[in-house]
Amino acid sequence: MPDRTMSAAEFAVIRHTMGHTLDSLARRMKVNPRTVRSWESGRDPISASAAGGGNEILAEHTELVDDMLTR
């Protein structure tokens, strides 16, 4: 399947799913909160590395939740 760009809405859903604020996700991704805001608003495209970082953080979150539920 070819790579595709992550949409602003998809990125925002990832942030909300993890319970992050703009500031906390920006700190986690080591970017300015304005950058996260511009990605989520669609003003700036989400780079492949940023999308990958968001997906990695979501995968870690999901793994932790799954682990807690199986204990």
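Scroll up to find the structure this text is about.
Residues numbered from 1 in each chain as written. Predicted model: local features only at pLDDT ≥ 70, side-chain atom pairs only at ≥ 80, totals over all residues. Heavy atoms only, no water.

Points about unusual backbone geometry
Generally, phi is negative for residues other than glycine and the peptide bonds are trans, each holding for most cases. With a phi angle near 60°, lysine 30 is a residue other than glycine that sits in the positive phi range. As for its position among the elements, lysine 30 is in the loop between helix H2 (22-29) and helix H3 (33-41). Since its relative accessible area comes to 77%, lysine 30 is described here as exposed. (Helix = DSSP H or I, 4+ residues; strand = E, 2+ residues; numbered from the N terminus. Buried < 20%, exposed > 50% of the residue type's maximum accessible area, 1.4 Å probe, protein only.)

Structural notes on helix H4 (residues 48-69)
Relative to the 32 Å expected for 22 residues at 1.5 Å per residue, H4 spans 31 Å between its end C-alpha atoms, a close match to the ideal helical length. Within H4, burial applies to Ala50, Ala51, Gly53, Gly54 and Ile57. Seen end-on, H4 carries its buried residues on one side only, within an arc spanning 160°. Seen from the open side of H4, the exposed residues pointing more than 90 degrees away from its buried face are Ala48, Ser49, Glu56 and Glu63. The secondary structure elements touched by the buried residues of H4 are helix H1 (8-18), H2 and H3. (Expected span 1.5 Å × (residues − 1). Arc of directions from axis to C-beta. Contact = heavy atoms within 4.5 Å.)

Details of the environment of leucine 25
Turning to its location among the elements, leucine 25 is positioned in helix H2. Given the relative accessible area of 1%, leucine 25 is considered buried. If we skip the residues at most four places from it in the chain, leucine 25 touches Phe11, Arg15, Met18, His20, Val36 and Ile57.

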